Amino acid sequence: MNPKIRYNFGAGPSTLPKILLEQAQAELLDWHGMGISILELGHRTPQFMQVMEEMEQDLRDLLSISAHYHVVFTSSPARGHFSMIPLNFLSKGKKGAYCVSGVWSAMAYQEASRLADVYVLARSEAPHHSTPSFEGAKALEDSAYFYFTSNETVDGNAFHQLPPVHDLPLVADMSSSLLTERVDVNDYALIFAGAQKNIAPAGLSIAIIHDDFLHRQPASVLPTVMDYRNLVAHRSLYATPPVFSCYFAGLMFKWVKAQGGVSALAKVNQRKAQKLYDFIDASDFYHAPVAKDSRSMVNCCFTLGSPDKDARFIEKALAWGLYGLKGHRLVGGLRASLYNSMPEAGVEALIDFMAEHQSVEAL
Ligand SMILES: *Cc1c(COP(=O)(O)O)cnc(C)c1O
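Here the structure is a predicted model, which is why all the values come from computation and not from measurement.

J.: How would you explain the pattern of salt bridges if you had to name every residue and give the values?
T.: Enumeration according to the criterion identifies 14 salt bridges in this entry. For R235, the salt bridge goes to E56, with nearest N and O atoms at 3.1 Å. With a gap of 179 residues between them, R235 in the loop between α6 (228-233) and α7 (243-258) and E56 in helix α2 (residues 46-63) connect regions that are remote in the sequence. Exposure remark for R235: the relative accessible area of 52% places this residue in the exposed category. Close ionic contact of D58 with K257 constitutes a salt bridge, the shortest N to O distance being 2.7 Å. One end of the pair, D58, is in helix α2; the other, K257, is in helix α7, with 199 residues separating them in the sequence.

J.: Could you give an account of the packing of aromatic side chains, with specific residues and numbers?
T.: Both the distance between ring centres and the angle between the ring planes are used here to describe each pair of aromatic rings. Summed over all chains, the structure comprises 22 aromatic pairs. Taking the centre distance of 4.8 Å and the plane angle of 25° together, the rings of Y98 and Y147 count as stacked. One end of the pair, Y98, is in strand β3 (residues 95-100); the other, Y147, is in strand β5 (residues 143-149), and 49 residues separate them in sequence. Considered together, Y98 and Y147 belong to a single accessibility category, that of buried residues. With centroids separated by 5.0 Å and ring planes inclined at 85°, the aromatic side chains of F285 and Y286 adopt a geometry described as edge-to-face. Among the aromatic residues, those joined into a ring-pair cluster are F82, Y98, W104, Y109, Y145, Y147 and F192.

J.: Describe the site of the ligand, listing the residues and the values that go with them.
T.: Around the ligand sit 13 residues in total, of which R79, T153, D173, Q196 and K197 are the nearest. A distance of 2.4 Å is found between an oxygen atom of the ligand and a side-chain nitrogen or oxygen belonging to T153. Contact between the ligand and Q196: an oxygen atom at 3.0 Å from a side-chain N or O atom of the residue. For the ligand, whose accessible area on its own is 390 Å², the fraction buried by protein is 91%.

J.: Provide a residue-level description of the sheet that holds β5, including the pertinent values.
T.: Read from one edge to the other, the open sheet built from seven strands follows the order β2-β10-β9-β8-β5-β3-β4, with strand pairing classed as mixed. Among the strands making up the open sheet, the edge pair consists of β2 (69-74) and β4 (118-123). Across this sheet, the average inter-strand angle for adjacent strands is 20°, counted without regard to direction. Packing of α2 onto the sheet brings it into contact with β2 and β10 (205-210), and relative to β2 it is tilted by some 130°.

What counts and what doesn't
- Residues numbered from 1 in each chain as written.
- Predicted model: local features only at pLDDT ≥ 70, side-chain atom pairs only at ≥ 80, totals over all residues.
- Heavy atoms only, no water.
- Salt bridge = Lys/Arg side-chain N within 4 Å of Asp/Glu carboxyl O.
- Helix = DSSP H or I, 4+ residues; strand = E, 2+ residues; numbered from the N terminus.
- Buried < 20%, exposed > 50% of the residue type's maximum accessible area, 1.4 Å probe, protein only.
- Phe/Tyr/Trp six-rings, centres within 6.5 Å; stacked < 30°, edge-to-face > 60°.
- Near = heavy atom within 4 Å.
- Polar contact = N/O pair within 3.5 Å; in protein donor to acceptor, adjacent residues only side chain to side chain.
- Areas by Shrake-Rupley, 256 points an atom, 1.4 Å probe, with all protein chains shown as cover.
- Pairing = 2+ DSSP bridges.
- Axes fitted to C-alpha atoms, helices over the stretch in contact; angles between N-to-C directions.
- Contact = heavy atoms within 4.5 Å.

What follows is the structure, encoded as structure tokens:
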């Protein structure tokens, strides 16, 4: 039998606000009095195009995205952008500079190296317990961008400042951190994120692209669904967008606004993460391996020190209704994902359990 879950700490697909799931459920059979579901509505109908427009505007409001930027919604997985970025921006002798700071950026670099001329400008060594040092890092001539992963979902590290690579357009994978912390979009040439961590059910990714960056390169021949210029020109309606994920992202953006916007949620996220890390740091039973100045605010990695002890912890936590605490299979250990939709009470329940588990195991 499946356990009854109270709080879901899984990294993605991940917890969503119950109030939005209820709204989606209530509207599922009869969307806005039309008598049919949003899932059955053509994507070029005025009604659905209105959903897309409102969702784009709400995202623009939340991140103060200026008119110099295009916003693209696509059914590509986040990983699709690993290929699309080099294919779109590295034609004609251009090089891509990469930062390898964990599992996701390593994969992005590996994918880009299959397709284009790329190099590593900065790296932190596995097990990636911090973001890289940029000391002595020097960009090669003809570099078109610097690519990095703002928050490494698997390894639990994050950049809390912009990487110090002056003059290179920044391209960032924000799959697990978009809308959880303040960003100045103007610092970036391109931001992308898969929706399934913080925003919506799986099936959607979002790219925010500066117009100059988009048009800097001579047009090259690309598969149309991978060509950012084509997706921009068709305002995300070139191919059928993932309508349910788009609809849900629209609900989420309104929810984030109702919470007070990104800065209000960032404060709560900061507090949630701090509580958990403080508890771990104060105990000699749990250990958080990531260096303090590189710790992720949304993916907190920790361990009891051995795979056996961690496995026991996961099993016991489940009996308390705390789910999804197993670390990623590539790095092991434990991980609590504390995205926007994880209430503070969830973190408190986790800490209560951790204290209880520690006292029982120490007997
Ligand atoms: C989850 C995740 C991805 C991969 O997402 P897919 O949609 O499965 O390709 C890429 N980057 C980061 C930072 C992630 O957290």
